[in-house]
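# Examination of the molecular architecture
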Amino acid sequence: MDGNTITKPHDRMAKLLAPRMEAVNALIRRRMASDHAPRIPEVTAHLVEAGGKRLRPMLTLAAARIFGYEGEDDVRLAATVEFIHTATLLHDDVVDESAQRRGRPTANLLWDNKSSVLVGDYLFARSFQLMVETGSLQVLDILCNASATIAEGEVLQMTAATDLGTDETVYLQVVRGKTAALFAAATEVGGVISGADEAQVEALRAYGDALGIAFQIADDLLDYQGDSAATGKNVGDDFRERKLTLPVIKAVAQATPEERTFWERTIEKGRQQEGDLTHALSLMEKYGTLDATRDDALVWAARAKEALGILPGHEMRDILGDLADYVVARLN
């Protein structure tokens, strides 16, 4: 199926979940307020109101919908997930010294690094208040573990990003931290509050984990062969920023001594010159690492769909399956 003709599953999900997402957005606006520090809602609103697909909170609502949940904790937890995500974005932009997020200047550029870090901390605190309100220790355990995994993944990425010794196992750990952990927690807690049985809750966790990994691998591949107009990034941004993503890791693993010297100069030492990106792409082509990376993304998307098999038949379950397909259909 052509990626351009697919009815986007997250749009279908958003339409079905619109009333619940309105409640989530209202709760987010209330909880990001501060009576004593007006800088907090200013910074938070800049990022929260900037758009984005709100995929992570929708995953929580979708998981709860599959099991017919009718309470209010799905809204609390969807807002929790979005607060955690927003907090990590604020911190990431400081660490990465980013100037743009979702097509707008980053908060650290408009205000300063201190504001971004401290407001991110505030949102983490708000997220913990919200998850406690569910009264579920299991939910608290899942989301606390996810928050720790996210932070751990960021630190690991910082140390592994320009180290040619980084292999696919370490890459997967980073991806699980920076992307998959919150996807997995978002779907898992939706099942927990809905009273799903242990096997179904585990299936939701496995779905979110595999979806997040497929999503990140696809993003890393699109950096080298995507359409800049569609992705919002220039081809080769990761290379210029010396990020060791999967296509490069696969090429380094097969490199000759001469080729390894090239990767050491451009990635480890950051001494890049005109024509280096073209040469890097030729090395990836030589070893077929772009195709191999695409195959990995397809494997993880298939695992995500497979995990849904034991869930009750439901329109939302079908959309979650389509979402896994869509993540990798972007690669066609």
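The next thing to look at is the overall build of the protein. A tally of regular secondary structure across the protein gives 17 helices and 2 strands. In the protein, which comprises 332 residues, the proportion classed as buried is 50%. In the structure as shown, the protein presents an accessible area of about 15100 Å², 49% of it carried by carbon and sulfur atoms.

With respect to the helices, strands and loops of the structure, leucine 246 is situated in helix α13 (residues 246-253). Sequence separation of leucine 246 and leucine 221 is 25 residues, and the distance between their C-alpha atoms is 7.8 Å. In this structure leucine 246 touches Glu168, Tyr171, Ile217, Thr293 and Asp296, once residues within four positions along its chain are discounted.

A few words on unusual backbone geometry. Even without glycine at this site, arginine 242 takes up a positive phi of about 60°. Summarising the element assignment, arginine 242 is placed in the loop between α12 (237-240) and α13. Residue arginine 242 is classed as partly exposed on the basis of its relative accessible area of 26%.

Axis separation between helix α10 (residues 198-225) and helix α16 (residues 289-307) bottoms out at 8 Å; the angle between their running directions is 160°. Taken as axis vectors, α10 and α16 run roughly antiparallel relative to one another. The interaxial crossing formed by α10 with α16 has left-handed handedness. Here the contact of α10 with α16 is composed, by residue class, of 17 nonpolar, 2 polar and 4 charged.

Its 12 residues place the ends of helix α4 (residues 55-66) 16 Å apart at the C-alpha level, agreeing with the 16 Å of an ideal helix rising 1.5 Å per residue. The element α4 is extensively covered by neighbouring structure, given that 11 of its 12 residues are classed as buried. For α4, the complete set of buried residues consists of Leu55, Arg56, Pro57, Met58, Leu59, Thr60, Leu61, Ala62, Ala63, Ala64 and Ile66. Once α4 ends, the next one or two residues include glycine 68, with phi positive near 70°.

Scanning all chains against the criterion turns up 18 salt bridges. With a closest N to O distance of 3.3 Å, glutamate 82 and arginine 54 form a salt bridge. Highlighted residues: glutamate 82 in helix α5 (residues 73-95) and arginine 54 in the loop between α3 (39-48) and α4, separated in sequence by 28 residues. Given a relative accessible area of 2%, glutamate 82 falls into the buried group. The exposure class of arginine 54 is buried, given its relative accessible area of 14%. The partner of aspartate 237 in a salt bridge is arginine 240, with the nearest N and O atoms 3.1 Å apart. One end of the pair, aspartate 237, and the other, arginine 240, are both in helix α12, 3 residues apart, so they sit about a helical turn from each other. Judged by relative accessible area, which is 42%, arginine 240 ranks as partly exposed.

This part takes up the confidence of the model for the protein. Overall, the prediction assigns the protein a mean pLDDT of 87, with 87% of residues at 70 or greater. Mean pLDDT across the secondary structure elements of the protein bottoms out at helix α11 (residues 228-231), with 53, and peaks at α16, with 97. A low-confidence stretch, residues 1-6 stays under pLDDT 50, and its non-local contacts, those more than four residues away or across chains, total 5 contacts.

Summed over all chains, the structure comprises 3 aromatic pairs. Both rings, one in phenylalanine 183 and one in phenylalanine 215, keep their centres 5.6 Å apart while their planes meet at 40°; by these two values the pair is tilted. Pair noted here: phenylalanine 183 is in helix α9 (residues 168-193) and phenylalanine 215 is in helix α10, with a separation of 32 residues, a long-range link. Each ring, one from phenylalanine 239 and one from tryptophan 263, has its centre 6.5 Å from the other, and the planes form 75°; the classification is edge-to-face. Here the residue phenylalanine 239 occupies a position in helix α12, and tryptophan 263 occupies one in helix α14 (residues 257-268), the gap between them amounting to 24 residues.

Next up on the list: the side chain of threonine 245. Mapped onto the fold, threonine 245 is located in the loop between α12 and α13. Residue class for threonine 245 comes out buried when judged on its relative accessible area of 6%. Excluding its chain neighbours within four sequence positions, the residues that come into contact with threonine 245 are Tyr171, Asp220, Tyr224 and Asp238.

A word on the nonpolar core. The nonpolar side chains of a soluble globular protein tend to be buried, and buried together. Core analysis: the biggest nonpolar cluster contains 93 residues, and Met13, Leu59, Leu143, Tyr207, Leu211 and Trp263 have the highest contact counts within it. With 13 residues, α10 is the single largest residue contributor to this core. Those residues in contact with leucine 143, other than ones at most four positions away along the chain, are Leu77, Thr80, Val81, Ile84, Met131, Ala185 and Val189.

Its place among the elements puts alanine 184 in helix α9. Counting along the chain gives 125 residues from alanine 184 to leucine 59, while the straight-line C-alpha distance between them is 9.2 Å. Sequence-distant contacts of alanine 184, defined by excluding residues within four places in its chain, comprise Arg205, Gly208 and Asp209.

Moving on to the side chain of aspartate 209. Mapped onto the fold, aspartate 209 is located in helix α10. Those residues in contact with aspartate 209, other than ones at most four positions away along the chain, are Arg176, Ala180, Ala184 and Trp300.

Reading the values: rules and limits
- Residues numbered from 1 in each chain as written.
- Predicted model: local features only at pLDDT ≥ 70, side-chain atom pairs only at ≥ 80, totals over all residues.
- Heavy atoms only, no water.
- Helix = DSSP H or I, 4+ residues; strand = E, 2+ residues; numbered from the N terminus.
- Buried < 20%, exposed > 50% of the residue type's maximum accessible area, 1.4 Å probe, protein only.
- Areas by Shrake-Rupley, 256 points an atom, 1.4 Å probe, with all protein chains shown as cover.
- Contact = heavy atoms within 4.5 Å.
- Axes fitted to C-alpha atoms, helices over the stretch in contact; angles between N-to-C directions.
- Parallel < 35°, antiparallel > 145°, perpendicular 65-115°, else oblique.
- Left-handed = near helix turned anticlockwise from the far one by under 90°.
- Nonpolar A, V, L, I, M, F, W, Y, C, P; charged D, E, K, R; others polar.
- Expected span 1.5 Å × (residues − 1).
- Salt bridge = Lys/Arg side-chain N within 4 Å of Asp/Glu carboxyl O.
- pLDDT = per-residue confidence, 0-100.
- Phe/Tyr/Trp six-rings, centres within 6.5 Å; stacked < 30°, edge-to-face > 60°.
- Core = buried A, V, L, I, M, F, W, Y, C linked by side-chain atoms within 4.5 Å.

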